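A closer look at the structure
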Amino acid sequence: MTYDPSNIFARILRSEIPCKKIAEDTYFLAFHDVSPRAPVHALVIPKGAFTDAHDFHKNATSAEIVGFYKGVAQVVDILGVHNSGFRQICNCGVNGGQEVPHYHMHILGGRKLGPMVSVVSDE
Ligand code: AMP
């Protein structure tokens, strides 16, 4: 998949649209999900143009990968969900249910989140 620079997270990175920022550094930006599925629902995105998890893991530099995942840990600490437990989700592609084609990590918590995957088909 070719990276589409008009996707909504690319526009947030360019400050064309606002977000509720949690943290940011050279490698990542974290903000609250606009449509939270749990009391805590944050998104962490890399600054680079990567379409999904696989693209990021294959093509990002080591510095970008370390910087991004250290950022995820920083955001978990800021959100205060480590002791109570949380879930990290990266939806990837059509079957993964990815809506925004810029790699992002969901961090969900604040309640028991239930089964990892629904057993009911959405098809
Ligand atoms: P995914 O299905 O993994 O691609 O998730 C995309 C997520 O982005 C969804 O949970 C949306 O609620 C969230 N989202 C979409 N637009 C925005 C926005 N402008 N600000 C914050 N979160 C957004």
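Structure: see above.
The sections below set out a description of the structure shown in this document.

Cut-off values and rules
Residues numbered from 1 in each chain as written. Predicted model: local features only at pLDDT ≥ 70, side-chain atom pairs only at ≥ 80, totals over all residues. Heavy atoms only, no water. Phe/Tyr/Trp six-rings, centres within 6.5 Å; stacked < 30°, edge-to-face > 60°. Core = buried A, V, L, I, M, F, W, Y, C linked by side-chain atoms within 4.5 Å. Buried < 20%, exposed > 50% of the residue type's maximum accessible area, 1.4 Å probe, protein only. Helix = DSSP H or I, 4+ residues; strand = E, 2+ residues; numbered from the N terminus. Contact = heavy atoms within 4.5 Å. Near = heavy atom within 4 Å. Polar contact = N/O pair within 3.5 Å; in protein donor to acceptor, adjacent residues only side chain to side chain. Areas by Shrake-Rupley, 256 points an atom, 1.4 Å probe, with all protein chains shown as cover. Nonpolar A, V, L, I, M, F, W, Y, C, P; charged D, E, K, R; others polar.

1. Observations regarding the packing of aromatic side chains
What the rule picks out here adds up to seven aromatic pairs. Within the aromatic cluster, the residues linked to one another by ring pairs are F50, F56, F68, Y69 and Y103.

2. Focus on the nonpolar core
In terms of nonpolar packing, the biggest core is built from 20 residues, with V44, F68, V75, L79 and I107 touching the most fellow members. Of all the elements in the fold, those that place two or more residues in this core are strand 1 (21–24), strand 2 (28–32), strand 3 (40–46), helix 2 (53–59), helix 3 (62–79) and strand 5 (105–109). A total of five residues in this core trace back to one element, the largest contributor, which is helix 3. If we skip the residues at most four places from it in the chain, V75 touches I22, A23, F28, A30, A42, V44 and I107. In terms of nonpolar packing, the next biggest core, distinct from the first, is built from seven residues, I12, L29, F31 and L43 among them.

3. Brief notes about the site of the ligand
Taken together, the neighbourhood of the ligand is formed by 17 residues, with D33, R37, E99, H104 and H106 sitting nearest. The side chain of R37 places a nitrogen or oxygen atom 2.8 Å from an oxygen atom of the ligand. In the environment of the ligand, an oxygen atom lies 2.6 Å from a nitrogen or oxygen atom belonging to the backbone of E99. Within the complex, 89% of the 500 Å² of free accessible area of the ligand lies under protein. Elements that contribute at least two residues to the shell around the ligand include exactly helix 1 (8–13) and strand 2. By residue number, the principal contributor to the shell around the ligand is helix 1, which donates three residues. Its residues assigned to classes, the shell around the ligand shows seven nonpolar, seven polar and three charged.

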